[in-house]
Amino acid sequence: MEIKDAVNILKEKGRIKIKDGHGTVLELVAPQRWDAAKDDQEGIFLFFDVFQIRNVAEQFSEVSLDIIEYATKPTIYHTPVNRILKNGPIIDGKVKFSVIRKEFWNKLIFAFSQPLILQFSKSKECDMVTEDFFPLLSAGTKEMFLSPDGDVKIIRA
């Protein structure tokens with residue numbers, strides 16, 4: 001299955017389950033199809049580019065944007081939610097997101113042309129299999145809190 005097939009499934013169903021190179025089944029959900037009653041509150045917004053952050057977060061300072069732009073390792077960021085975001089995994093007024101740069105995954109999000117929400121599937125069933133490893137599953141993945149004012153707190157290094 002190719003990226004265009006995955007995008008077609010996303011557009012039709014609003015979600016797709018992909019087994020990555022680790023054998024982990026990831027479910028990617030279109031934000032408008034995310035359902036608070038049945039989807040994971042721990043979901044992570046995935047972006048293909050830094051400019052998409054404003055979809056879920058308040059406007060960032062240059063310091064925070066530079067941290068995201070120049071990150072060399074996969075990183076999950078926590079930040080206060082944008083007031084306009086009504087649907088998605090929001091916990092205590094905060095959202096989690098990551099800018100995905102790894103080729104296959106970046107191309108998939110780019111081809112869909114809007115952010116996706118990642119949740120880990122409990123099911124072993126999948127719509128697609130790829131040999132590409134999902135970057136947020138690597139041992140070096142970091143987590144940070146970023147405030148719109150430029151405050152930074154390392155959660156997991």
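To start, this report covers the structure provided alongside it. (Residues numbered from 1 in each chain as written. Predicted model: local features only at pLDDT ≥ 70, side-chain atom pairs only at ≥ 80, totals over all residues. Heavy atoms only, no water.)

This paragraph deals with helix H1 (residues 3–13). An α-helical turn contains 3.6 residues, so a residue and the one three or four places further along point in the same direction. Considered for burial, the residues of H1 that qualify are Ile3, Ala6, Val7, Ile9 and Leu10. Buried residues of H1, viewed axially, fall in a sector of 160°; they line one side. Those residues of H1 that are exposed and aimed more than 90 degrees away from the buried face are Lys4, Lys11 and Glu12. Buried residues along H1 sit against strand S1 (15–19), strand S2 (25–29), helix H3 (103–112), strand S6 (116–120) and strand S7 (128–129). Once H1 finishes, Gly14 follows within two positions and takes phi at roughly 85°, a positive value. (Buried < 20%, exposed > 50% of the residue type's maximum accessible area, 1.4 Å probe, protein only. Helix = DSSP H or I, 4+ residues; strand = E, 2+ residues; numbered from the N terminus. Arc of directions from axis to C-beta. Contact = heavy atoms within 4.5 Å.)

Our focus in this paragraph is a nonpolar patch on the surface. Together, Val63, Val152 and Ile154 make up a nonpolar patch on the protein surface, roughly 250 Å² of accessible area in all. Within the fold, Val63 resides in helix H2 (residues 62–69). For Val63, a relative accessible area of 47% corresponds to the partly exposed category. (Patch = residues over 30% accessible without salt bridge, like charges linked within 9 Å, V, L, I, M, F, W, Y side chains within 5 Å. Areas by Shrake-Rupley, 256 points an atom, 1.4 Å probe, with all protein chains shown as cover. Salt bridge = Lys/Arg side-chain N within 4 Å of Asp/Glu carboxyl O.)

Pairing is mixed across the open sheet formed by nine strands, whose spatial order is S7-S1-S2-S6-S3-S5-S4-S8-S9. The outermost strands of the open sheet, each flanked by one partner alone, are S7 and strand S9 (152–156). Here H1 sits on the sheet in contact with S1, S2, S6 and S7, set at roughly 145° to S1. Against the sheet, H2 makes contact with strand S4 (75–80), strand S5 (94–99), strand S8 (142–146) and S9, and its axis sits at roughly 165° relative to S8, the strand it touches most. (Pairing = 2+ DSSP bridges. Axes fitted to C-alpha atoms, helices over the stretch in contact; angles between N-to-C directions.)

Looking now at the side chain of Gln119. Looking at the element boundaries, Gln119 is found in strand S6. Reaching out from Gln119, the side chain makes a polar contact with the side chain of Asp39 at a distance of 2.8 Å. Dropping the residues within four chain positions of it, Gln119 is found in contact with Arg15, Leu26, Glu27, Val29, Trp34, Asp39 and Asp40. (Polar contact = N/O pair within 3.5 Å; in protein donor to acceptor, adjacent residues only side chain to side chain.)

Within the structure shown, the criterion is met by seven aromatic pairs. Between Trp105 and Phe134, the aromatic rings sit 4.9 Å apart at their centres with planes inclined by 85°, giving edge-to-face as the arrangement. Taken as a pair, Trp105 in helix H3 and Phe134 in the loop between S7 and S8 lie far apart in primary sequence, 29 residues in all. The two residues Trp105 and Phe134 agree in class, both being buried. Grouped by ring-pair contacts, the aromatic residues Phe47, Phe60, Tyr77 and Phe97 constitute a single cluster. (Phe/Tyr/Trp six-rings, centres within 6.5 Å; stacked < 30°, edge-to-face > 60°.)

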